[in-house]
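If you want the building blocks of each chain, they are given just below.
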Amino acid sequence: MSLSNADVQKQIQHMMAFIEQEAQEKAEEIETKAEEEFEIEKGRLVNEQRMKIIDFFEKKEKMVEIQRKIQNSHMLQSARLRLLKAREDHIRSVTEEARQKLIEVTKNQQTYAVVLRKLIAQSLFLLLEDKVVIHCRQQDHNIIESVLQEALQDYKNATGKECKAVVDNDKRLHHDSCGGIEVTARGGKIKITNTLESRLELIIQNCLPLIRVALFGRNPNRSHDD
C-alpha cells in the first residue's frame, strides 16, 4: 500500500520537527555548557585578579611598614645625636667654667706660687735631666723666679741630683692661657706640658664617666661606667 502525498508530507513534517527538536536541545546543551565554562573561567580570572590585588596591597603594606620603621629609626638616631650634642655642649660649658675658675686661682699670688713650685718639681721628676728650660706666661715670670730655687731643692732632696733650670724669656706660653708651665730638655727634644689646661684636661678625661653621672644621672642600660 503506497503512501499518499499527504502522508509523505506529514512524515516529512514530523521528521523535520524531530530534527529541529534535537537541534534545539543540542543548542541548549551547548549553550548551557558554554555558560558553565564561562562562569568557571570568569571565576578563575576574578579570583586570579583578586589574589593579584591582595598580593599588591600586601607588598604595599610591607613597604609602608618598612618605610615607617626606617623613618622612626632615623628620627630616633637624630634625637640621640641631638641629645649627645646637648650633653657634650653642657660638658664643654662645665669645662669652660672650671677653666675660668683656674684663671681666678692664678690671681691669688700666694696660692698660685705654691702650685707653680709643685708643677716645676713634678716636671723635674718626670724628666730627670741635668739642664732644663722653663716656659711660662709673661705675667708668671717673677713668680716662677721666686719659687724656682725651692722647687730645685725639692728635686734634689728627693733624688739627690742637681739640676740647672732657666726661665725662657723668648718662648712663652700664651698670655690667655690659664697658667702653669712647659719644661723642655735636650734642646727641646723632650717636653713636659704641665699647664693648668693640660692638668684640667687630664682630670676631665679621667673623671668623665663620673661627670656624666653627676650631670645626667646613671645610664640604666649600662652595668658599669667607662
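Computed from a predicted structure; not experimentally measured.

Draft legend 1. Representation of the side chain of Thr184 in the model. With respect to the helices, strands and loops of the structure, Thr184 is situated in strand E3 (residues 180–185). Owing to a relative accessible area of 10%, Thr184 belongs among the buried residues under this scheme. Residues within four places of Thr184 in sequence aside, it is in contact with Lys131, Val132, Val133, His135, Ile190 and Lys191.

Draft legend 2. Here's a closer look at the pairing of strand E1 (residues 131–135). As paired strands, E1 and strand E2 (residues 164–167) are joined by four bridges and run parallel to one another. Within E2, the residue paired with Val132 across the bridge is Ala165. In this fold, the crossover linking E1 to E2 by way of helix H3 (residues 141–159) has right-handed handedness. In this structure, E1 lies alongside E3, joined through three bridges in antiparallel fashion. From the neighbouring strand, Val133 faces E3, where its bridge partner is Thr184.

Draft legend 3. Region of interest: the pattern of salt bridges. This model, assessed by the stated rule, comprises 13 salt bridges. As a salt-bridge pair, Glu39 and Lys42 come within 3.3 Å of each other at their nearest N and O atoms. Linking Glu39 with Lys42, this pair stays in helix H1 (residues 5–106), spanning three residues, or about one helical turn. In this structure Glu39 comes out as partly exposed when scored by relative accessible area, which is 37%. Classification of Lys42 as partly exposed rests on a relative accessible area of 38%. Here Arg68 and Glu65 are joined by a salt bridge, their closest N and O atoms 2.4 Å apart. Note that Arg68 and Glu65 are positioned in helix H1 at a spacing of three residues, about one turn of the helix. Owing to a relative accessible area of 40%, Arg68 belongs among the partly exposed residues under this scheme.

Draft legend 4. Geometry of a negative patch on the surface. A contiguous patch of negative charge, built from Glu22, Glu25, Glu28, Glu31, Glu35, Glu36 and Glu37, is present on the exposed surface. Position of Glu22 relative to the elements: it lies in helix H1. Taking the relative accessible area as the measure of exposure, Glu22 reaches 45% and is therefore partly exposed.

Draft legend 5. Expanded view of the environment of Gln100. Locating Gln100 in the fold gives a position in helix H1. Judged by relative accessible area, which is 37%, Gln100 ranks as partly exposed. Residues Gln100 and Cys178, 78 residues apart in the sequence, show an inter-C-alpha distance of 7.9 Å.

Draft legend 6. H3, seen in detail. Between its first and last C-alpha, H3 extends 26 Å over 19 residues, near the 27 Å set by a 1.5 Å rise per residue. Along H3, the helix axis deviates most sharply at Val147, where the bend reaches about 40°. Turning to H3, its buried residues number three or more, namely His141, Ile143, Ile144, Val147, Leu148, Ala151, Leu152 and Tyr155. Buried residues in H3 make contact with helix H2 (109–127), E1, E2 and E3. Among the residues trailing H3, Gly160 stands out with phi positive, at a value near 75°.

Draft legend 7. Structural view of the environment of Val94. Its location among the elements puts Val94 in helix H1. The class of Val94 is partly exposed, set by a relative accessible area of 30%. The sequence separation of Val94 and Ala165 amounts to 71 residues, and the corresponding C-alpha distance is 36 Å.

Draft legend 8. Spatial organisation of the packing of aromatic side chains. Scanning the entire structure with this criterion turns up two aromatic pairs. Seen from their ring centres, Phe56 and Phe57 are 5.3 Å apart, and the 85° between their planes marks the pair as edge-to-face. For Phe56, a relative accessible area of 44% gives the class partly exposed. Looking at Phe57, the relative accessible area reads 52%, which means it is exposed. Relative to Tyr155, the ring of Phe125 lies with its centre 5.6 Å away and its plane at 40°, an arrangement referred to as tilted. Of this pair, Phe125 sits in helix H2 while Tyr155 sits in helix H3, and the two are 30 residues apart along the sequence. When its relative accessible area of 36% is taken as the criterion, Phe125 is described as partly exposed.

Reading the values: rules and limits
- Sequence order as written defines residue numbering, which begins from 1 separately in each chain.
- Confidence filtering applies because this is a predicted model: local features only for residues at pLDDT of at least 70, side-chain atom pairs given and counted only at 80 or more, and all residues used for totals across whole chains, interfaces and linings.
- Side-chain measures were taken over the full set of non-hydrogen atoms in the model, leaving aside hydrogen atoms and water.
- What counts as a helix is a DSSP run of H or I of at least four residues, what counts as a strand is a run of E of at least two, and both are numbered from the N terminus.
- Remark: exposure states derive from per-residue accessible area (1.4 Å probe, protein chains only) relative to the maximum for the residue type, with buried under 20%, exposed over 50%, and partly exposed in between.
- Contacts are assigned to residue pairs with any non-hydrogen atoms lying within 4.5 Å of each other.
- Two strands pair under a simple rule: DSSP has to find at least two bridges between them.
- Orienting the strands away from the viewer, one traces the path from the first strand over the helix to the second; a clockwise path indicates a right-handed crossover.
- Salt bridge, as used here: a side-chain nitrogen of Lys or Arg that lies within 4 Å of a carboxyl oxygen of Asp or Glu.
- Distance thresholds for patches are 9 Å for like charges and 5 Å for nonpolar side chains (Val, Leu, Ile, Met, Phe, Trp, Tyr), applied to residues having over 30% relative accessible area and no salt bridge.
- Exposure was quantified through the Shrake-Rupley algorithm and a 1.4 Å probe, taking into account, for residues, occlusion by the shown protein chains and nothing else.
- Counted charges follow a simple rule, with Lys and Arg positive, Asp and Glu negative, and His plus the chain ends left uncounted.
- Charge positions come from single atoms, namely NZ of Lys, CZ of Arg, CG of Asp or CD of Glu.
- By definition here, a helix of n residues has an expected span of 1.5 Å times n minus one.
- What the bend at a residue measures is the angle between two axes, fitted to the seven residues ending there and to the seven starting there.
- Think of it this way: a Phe, Tyr or Trp ring, Trp meaning its six-membered ring, pairs with another when their centres are within 6.5 Å, and the plane angle makes it stacked under 30 degrees, edge-to-face over 60, tilted otherwise.

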